[in-house]
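# Close look at the chain arrangement
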Amino acid sequence: MALPLSGVRVLDLTNVIAGPLCSHQLAMLGADVVKVEVPATGDLARKMGADPALGERLMGASFLALNAGKKSLTLNLKAPRGKEVLKRLVRDADVVLENFRPGTMKKLGLDYPVLKAINPRLVYCAVSGFGQAGPLAQRPSYDQIIQGFSGLMSLTGDAQTAPTRAGYVVCDTMAAMTAAFAVAAALYRQRATGEGEMIDVSMLDASLATMAAWVVSNYLNAGKVPVPMGNENHTASPSGTFRTGRGLLNIVNNEQKQFESLCDIIGRPELKSDPRFAARQARISHRAELRAILEEALQAKSAEEWERLFSEAGVPAGPILTVPEIVAHPQVAERRLLKRFGQVAGVGREVSVPRVGFHLASGSPDVASPPPRLGQHTDEVLRAAGYSEVDIAALRREGVV
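Below, the structure is looked at part by part. Keep in mind that this is a model prediction, so the values were computed, not measured.

In this section: the sheet that holds strand 8 (residues 248-252). Within a sheet, adjacent strands bond to each other through the backbone by hydrogen bonds, running parallel or antiparallel. A sheet is described by the order of its strands in space; here three strands give the open sequence 7-8-9, paired in antiparallel fashion. Each end of this open sheet is capped by a strand with a single partner; those strands are strand 7 (239-243) and strand 9 (317-318). Where strand 8 lies against strand 9, two bridges are found, and the strand directions are antiparallel. Across the sheet, the residue bridging to Ile251 is Ala317, located in strand 9. Of the strands in this sheet, strand 8 and strand 9 touch helix 14 (residues 303-312), which is tilted by about 20° from strand 8.

And the structure:
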């Protein structure tokens, strides 16, 4: 069965993470994504990643992660004929995705009003640090800038180590997922009504929206100013990372029955009726005392042994794995999260990329082709748009493609 977005055409003008991760989701769901890149250099991510040799070949590890299944078209959008090519491609497109600084597409003469006049059904999605309006709209930004603005860094770490950057590009990621969700919603309406849409995604907005459930709501609706608590949980106890007889173990007790089961498993049933710990709020107030008692009892076994006992009893617990450990885990293999391509052109060896974080009964999201070499599909895309071999040769001579 066809994937949900089969037949959807996406022109992806984005770079690095927030935009490419959005179009990665769309491609995995069946969309035909054409990645529009600057001639000779392409997406900045082509030069980024932990393997300098790949970066020199414009197939950087960062680029490989998010661009499988896409076609690469090189196009100089500053050249008049380059603008003409994009406008022709827009005629048959469903989505245009860009993550330039606000105002850039207008300066190029390619902003939403211009492209909408060509294709009224067009869904146009712009991803930026602060959105298209507001006092910060024109500021340049990267993930770490938004981590600082959003309050996330002020909460990461503990009282001694905060502010600390999160271990991955969480704000870029939130913007990408928000953009993909918004595009899918706009496409649903487009199919029903024939109407296009202008989508304005702010990395700051997207990040704050994901923080609402705990820290933002606790401040807005309960007057509680959030503070960094390390591995402790703001709303529950015991909930955090605990020392065992061998290794560290994450334990989360959100429900009373989980705490009571934990007490029984560690051989301390009297804690269930101890006034300091009997009720949820009491445990939060006496979290340091409870931690000391639990860690003393947990010395009797290893983290692996405790995890098995807790999990069997319905008490959420888990190890702290490294990236190499989790990507090799049987659970990841069973879920087929990683897609492997053999001998990728421009790389010379196998490449693994992540699929999306869900399965469909009708056919799980996937792509057939590996991340493309820069400009690999330029001629193919131009021919499909009606350009002759003579036209394409002329565009190449002029440096347009």
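Back to the text.
Let us look at the packing of helix 7 (residues 143-150) against helix 9 (residues 170-193). Interaxial distance between helix 7 and helix 9 falls to 7 Å at its minimum, and their mutual angle equals 90°. The orientation of helix 7 relative to helix 9 falls into the category roughly perpendicular. Across the interface between the two elements, Asp143, Ile146, Gln147 and Ser150 from helix 7 touch Val170, Cys171 and Asp172 from helix 9. Counted by class, the contact of helix 7 with helix 9 contains three nonpolar, two polar and two charged residues.

Another point: the pairing of strand 2 (residues 32-37). Summarising burial for strand 2: five of the six residues are buried, a large majority. Here strand 1 (residues 9-12) pairs with strand 2 via four bridges, running parallel. Along strand 2, the bridge assignment pairs Asp12 with Lys35. With respect to chirality, the unit in which strand 1 leads through helix 1 (residues 18-28) into the neighbouring parallel strand 2 is right-handed. In this sheet, strand 3 (residues 71-74) lies alongside strand 2 in parallel orientation, the contact comprising four bridges. Along strand 3, the bridge assignment pairs Val36 with Leu73.

Quick look at the packing of aromatic side chains now. Using the criterion set out here, one finds three aromatic pairs in the structure. For the pair Phe130 and Phe149, a centre-to-centre distance of 5.0 Å together with 80° between the ring planes defines the contact as edge-to-face. Here Phe130 is found in the loop between strand 5 (123-128) and helix 7, whereas its partner Phe149 is found in helix 7, with 19 residues between them in sequence. Over the ring of Tyr387 we find Arg88, and its NZ or CZ is 3.9 Å from the ring centre.

Inspection of the secondary structure puts Arg373 in the loop between strand 11 (351-354) and helix 17 (378-384). Remark: the alpha-carbon pair of Arg373 and Ala50, spanning 323 residues in sequence, is separated by 18 Å. If near-sequence neighbours (up to four positions away) are discounted, Arg373 is found in contact with Arg46, Met59, Ser72, Ala345 and Gly346.

Attention shifts here to the sheet that holds strand 4 (residues 95-98). Across the sheet, six strands lie side by side as 3-2-1-4-5-6; this open sheet has parallel pairing. Both edges of this open sheet fall to strand 3 and strand 6 (197-202), since each of them pairs with a single strand only. The sheet shows a mean angle of 20° between the axes of neighbouring strands, direction not considered. Where strand 5 and strand 6 come together, six bridges link them in parallel fashion. The residue of strand 6 that forms the bridge with Ala126 is Asp200. The sheet contacts of helix 9 involve strand 4, strand 5 and strand 6, and relative to strand 6 the element is tilted by about 165°.

Moving on to unusual backbone geometry. Looking along the chain, the bond that leaves Ala162 and enters Pro163 is cis, with omega of 0°. In this fold, Pro163 is placed in the loop between helix 8 (152-155) and helix 9. At Ala40, a position not held by glycine, the phi torsion is positive, near 80°. Looking at the element boundaries, Ala40 is found in the loop between strand 2 and helix 2 (52-56). The class of Ala40 is exposed, set by a relative accessible area of 65%. Positive phi, close to 55°, is recorded for Arg336, a residue that is not glycine. Looking at where Arg336 falls in the secondary structure, it is placed in the loop between helix 16 (330-335) and strand 10 (338-341). Residue classification places Arg336 among the partly exposed residues on the basis of a relative accessible area of 48%.

What counts, and where the lines are drawn
Residues numbered from 1 in each chain as written. Predicted model: local features only at pLDDT ≥ 70, side-chain atom pairs only at ≥ 80, totals over all residues. Heavy atoms only, no water. Pairing = 2+ DSSP bridges. Helix = DSSP H or I, 4+ residues; strand = E, 2+ residues; numbered from the N terminus. Contact = heavy atoms within 4.5 Å. Axes fitted to C-alpha atoms, helices over the stretch in contact; angles between N-to-C directions. Parallel < 35°, antiparallel > 145°, perpendicular 65-115°, else oblique. Nonpolar A, V, L, I, M, F, W, Y, C, P; charged D, E, K, R; others polar. Buried < 20%, exposed > 50% of the residue type's maximum accessible area, 1.4 Å probe, protein only. Right-handed = clockwise from strand over helix to strand, strands pointing away. Phe/Tyr/Trp six-rings, centres within 6.5 Å; stacked < 30°, edge-to-face > 60°. Lys NZ or Arg CZ within 6 Å of the ring centre and 35° of its normal.

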